[in-house]
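# Fold and geometry: a report
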Amino acid sequence: MSIKSINPATEEEIYSFEQISENELHKKLGNADNAFDRWKEFSFTQRADLLLAAANYLEANKKELGRQMALEMGKPIKQAVAEAEKCALVCKYYAENGEKFLQPAEYKTSYTKSMAIPRPLGIVYAIMPWNFPFWQVFRCAVPATMAGNVVMLKHAENVPNCAQLIETVFRESGFPDGVFTTLLIDHAQSNKVINYRGVQGVSVTGSELTGKTVAGLAGKQIKRTVLELGGSDPFIVLKDADIAKAASVGVDARMQNNGQSCIAAKRFILDREIADEFIELFIEKAEELHIGDPLNEETEMGPMARKDLRDELDSQVKATVKKGGKILSGGEIPLGRGWYYPPTVITDIPKDSAAYKEELFGPVASMFVVRNEEEAINLANGTTFGLGASLWTKDTDRAQKLAQKIESGSVYINTMVVSNPALPFGGVKRSGYGRELSDVGIREFVNVQTVVVG
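Quick look at the structure, then. All values reported here derive from a predicted model rather than from experimental measurement. (Residues numbered from 1 in each chain as written. Predicted model: local features only at pLDDT ≥ 70, side-chain atom pairs only at ≥ 80, totals over all residues. Heavy atoms only, no water.)

### Focus on the state of the cysteines
Here a disulfide denotes a covalent bond joining the sulfur atom of one cysteine to the sulfur atom of another. This is how it is decided: Criterion for a disulfide: a pair of cysteine sulfur atoms at a distance within 2.5 Å. Burial classes follow relative accessibility: with a 1.4 Å probe on protein chains only, a residue under 20% of its type's maximum area counts as buried, one over 50% as exposed, and anything between as partly exposed.
Inspection of the entire model under this criterion finds zero disulfides. With no disulfide of its own, Cys 87 has Cys 91 as its nearest cysteine by sulfur position, at a separation of 7.1 Å. Note on Cys 87: relative accessible area 0%, which makes it buried.

See below:
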C-alpha cells in the first residue's frame, strides 16, 4: 500500500512511500531489540554528545526541514523553521540535564545501603500526530533515548516524509543503527508492534479515540503508556486584565499552527465588563492575519492539513449556528485550491452545540461571557478535557490561587500556553495522563530499580 503526502495548499501529491512488509517490520523490531542491548550500555556522556550532534544537524538544516514541514502539513515556513530550532533546544536541554535527572537516589534505612537506580526499559513505541511533525516526536524521543531506551515511530499517515527525515536526523548525527526507527505501517501492523515483547512503553499524542484504543491494547500487555490527547483550553480574561495585550496574545494562542494545536486557546471566557472590548480587538487582529502560501515568509496562517479536517470543522461551526450560535467573523470556506479556513469568531454559543461540547481543531475562537470569577472557573472546568489554561488579570497573587481551582495540566498567567523542555507537559481527565519533558518526563519510561545492601 502506498502512503501519500498531499500538499494542503495546492491539493497536489508531493511524495509517495510504500508501506513496509510484514517481513521488513519483523526485521526492524529485531534490529531495535539488538540496538537496545548496545545502547543501554552507552554512558550518559556518550548519549549527550550524540544529542548535541543532533542539535547541530537540526540547526544547520532548519530551513530545509522547515520547508518540508510547510509542504507536507501547511505550517507557515517561519513557524516550521522555529519548530526545527525548538527540537534542537530539547536535544541540548537533555544533553545538559539528562544525567542529573537520572542519578541514583539514596535512602536512609536499617540496611547498610539503600538505593533507587533509574534503568531504561527497552523499546518505546511512539505514535505521533501531524500538527507538529518534528516537535511532537523529538519531545518524546530525546528524553527516552537519553535514558537509554530506543524509539520506534509510527507517524501520522499524512506526514511520511517528515517521518523519514526525523530518522535521517538521528542517523546523520551518529546514533547507532536501530536507536531510532521510523515505521511506515498501517493500524494492523501498529497493533503488532504494541504486542511485540521488546516494546515496553507506548507514547501517544493524538485524538481521544486513538488514546483509548492504544491504551487498551497496551494495558492488556501490561505495558506503560503516556497519553497526550485533545484539549479545549480556556483563555480566561478577568475585568482587571490588560485587555489589549490579552486580545493580541489571544489571537496568537488560537490561530498558531493554523489553529491546529492541542494547547491552542479554544474557549475564550470573558468577564462581561470587558467582553465587548476584547472581542472587538480580537476580531480586528485576527482579520489582519496574512493567509496564504505556507512557503511565503510573510504568511501567518496557511491551510488546514487535510480536507476532511476542514470539512469537520466547518460542519461543527454550521451545527453551532443552527443551534443559535452567532458568527461574528469568518465562518465560510473560501473559493479556490487549498484546504484553507478563515479565522472565525463565534458567540452566543448554546450548551447543546458542537462549539460548547467538542474540541474545535482549527482556527475558530469560541467566545463566552460570564458575570464573575466563579462562573469563569466553573465554565473552564465544564469540559471533559484538561490540558492547558490561560488566565489574565493584573492581580497575579489572586491568579495563582485561582489557578489551583482550574482542572488542567498547566495554567499560564498573563501569557499563552506553550510547551517548554524545562517544564512538565501533559493533561488530566480525557486529555490524557503521564508527562513529557523536564525531569518528570524523562522518568516516565524507566524502571526505578531498588538496590539494597544488607
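From this point, the discussion proceeds with the structure in view.
### Examining the sheet that holds strand S14 (residues 364–370)
Note on sheets: strands pair through backbone hydrogen bonds, and any given pair is parallel or antiparallel. What counts here: Here, a strand pair is defined by DSSP locating no fewer than two bridges between the strands. Only runs of H or I of at least four residues qualify as helices and only runs of E of at least two qualify as strands under DSSP, and these elements are numbered from the N terminus. Only C-alpha atoms enter the line fits that serve as axes; for helices the fit covers just the stretch in contact. Angles between N-to-C directions range over 0 to 180 degrees. Only heavy atoms matter for contacts: two residues are in contact if any of them lie within 4.5 Å across the pair.
Strand order in the open sheet formed by seven strands is S12-S13-S14-S11-S10-S15-S16, and the pairing between neighbours is mixed. The two strands at the open ends of the sheet, each matched to only one other strand, are strand S12 (326–329) and strand S16 (410–413). Along the sheet, successive strands turn relative to each other by an average axial angle of 25°, direction set aside. Bridge analysis of strand S11 (residues 265–271) against S14 gives five bridges, and the strand direction is parallel. What sits directly across from Ile 269, in S14, is Phe 368. Against the sheet, helix H14 (residues 396–403) makes contact with strand S15 (388–392) and S16, and its axis sits at roughly 165° relative to S16, the strand it touches most.

### Quick word on unusual backbone geometry
Even without being glycine, Asn 258 reaches a positive phi, approximately 60°. With respect to the secondary-structure elements, Asn 258 resides in the loop between helix H9 (243–255) and S11. Here the phi dihedral of Leu 437 falls at roughly 70°; this positive angle occurs in a residue that is not glycine. With respect to the element layout, Leu 437 can be found in the loop between strand S17 (432–433) and helix H15 (438–442).

### Quick word on helix H4 (residues 77–101)
The condition that has to hold: The length a helix should cover is 1.5 Å for every residue beyond the first. What is called the bend at a residue is the angle between a pair of axes, fitted to the seven residues leading up to and ending at it and to the seven starting from it.
Here H4 contains 25 residues, and its C-alpha end-to-end distance of 34 Å stays within 8% of the 36 Å for a straight helix at 1.5 Å per residue. Helix geometry: H4 is bent most strongly at Ala 95, by close to 40°.

### Regarding the nonpolar core
Let me state the cut-off plainly: In these notes, a set of buried Ala, Val, Leu, Ile, Met, Phe, Trp, Tyr and Cys residues joined through side-chain atoms within 4.5 Å is what counts as a nonpolar core.
Ranked by internal contacts, the top residues of the largest apolar core, which has 109 residues, are Leu 58, Tyr 94, Tyr 125, Phe 134, Phe 138, Val 202 and Ile 236. When residues of this core are assigned to their parent elements, the largest contribution, 10 residues, is made by H4. If we ignore the near neighbours within four places in the chain, the residues touching Phe 134 are Leu 58, Leu 65, Met 69, Glu 83, Cys 87, Cys 162, Leu 165, Ile 166 and Val 169. Core analysis: the second largest hydrophobic core is formed by 27 residues, Met 255, Phe 268, Phe 282 and Met 367 among them.

### Brief notes about the side chain of Glu 444
Short version of the rule: Only four residue types enter the charge count, namely Lys and Arg as positive and Asp and Glu as negative; His and the chain termini do not. The rule for a salt bridge is simple: a side-chain nitrogen of Lys or Arg has to be within 4 Å of a carboxyl oxygen of Asp or Glu.
If you trace the backbone, Glu 444 turns up in the loop between H15 and strand S18 (446–453). No salt bridge is formed by the buried Glu 444. Its closest oppositely charged neighbour is Arg 224, at 5.7 Å. Once you skip the residues sitting within four places of it in the chain, Glu 444 turns out to touch Arg 224, Val 226, Gly 434 and Arg 435.

### Focus: the packing of H9 against helix H10 (residues 275–286)
Quick reminder of the rule: These descriptions rest on fixed angle ranges, namely under 35 degrees for roughly parallel, over 145 for roughly antiparallel, 65 to 115 for roughly perpendicular, and the rest for oblique. For any helix crossing, the convention is left-handed if the near helix is rotated counterclockwise from the far helix by under a right angle, and right-handed if that rotation is clockwise.
In contact at an axis separation of 9 Å, H9 and H10 are set at 50° when each is read in the N-to-C sense. With respect to each other, H9 and H10 are oriented oblique. Both H9 and H10 take part in a crossing whose hand is right-handed. Along its contact with H9, which presents Ile 243, Ala 244, Ala 246, Ala 247, Ser 248, Gly 250, Val 251, Asp 252, Arg 254 and Met 255, the element H10 presents Glu 277, Phe 278, Leu 281, Phe 282, Lys 285 and Ala 286.

### With respect to the side chain of His 155
Using the following cut-off: Between N or O atoms, a polar contact is any pair within 3.5 Å; within protein, one atom must be a potential hydrogen donor and the other a potential acceptor, and residues adjacent in sequence are included only when both atoms are from side chains.
Along the chain, His 155 turns up in the loop between strand S6 (150–154) and helix H6 (160–172). Only 3.4 Å separates the side chain of His 155 from the backbone oxygen of Pro 129, close enough to count as a polar contact. Within the structure, the side chain of His 155 is placed 2.7 Å from the backbone oxygen of Pro 133, a separation counted as a polar contact. Look past the residues within four positions of His 155 in its chain and what remains in contact with it is Met 128, Pro 129, Pro 133, Val 137, Ala 163 and Ile 166.

### Digging into the sheet that holds strand S4 (residues 113–120)
Across the sheet, which stays open at both edges, the three strands sit in the order S3-S4-S18 with antiparallel pairing between neighbours. Two strands in the sheet have a free side with no partner beyond their single neighbour: strand S3 (105–106) and S18.

### Some thoughts on the pattern of salt bridges
Taken as a whole and assessed by the stated rule, the structure comprises 23 salt bridges. With a shortest N-O distance of 2.7 Å, Arg 430 and Glu 208 are connected by a salt bridge. Taken together, the residues span a long stretch of sequence, with Arg 430 in the loop between S16 and S17 and Glu 208 in helix H8 (residues 208–220) at a distance of 222 residues. Given a relative accessible area of 39%, Arg 430 falls into the partly exposed group.

### Let's talk about the packing of aromatic side chains
We count it as follows: Aromatic pairing here means that ring centres of Phe, Tyr or Trp (its six-membered ring) are within 6.5 Å. Orientation follows from the plane angle: under 30 degrees is stacked, over 60 is edge-to-face, and everything else is tilted.
Within the structure shown, the criterion is met by 18 aromatic pairs. On the numbers, 4.5 Å between centres and 5° between planes, the contact of Phe 170 with Phe 180 is stacked. Highlighted residues: Phe 170 in helix H6 and Phe 180 in strand S7 (residues 180–182), separated in sequence by 10 residues. No difference in accessibility class separates Phe 170 from Phe 180, as the two residues are buried. Ring geometry for Phe 268 versus Phe 278: centroids 5.9 Å apart, planes at 40°, classification tilted. Separated by 10 residues along the polypeptide, Phe 268 in strand S11 and Phe 278 in helix H10 bring together distant segments of the chain. We note that Phe 268, like Phe 278, is buried.

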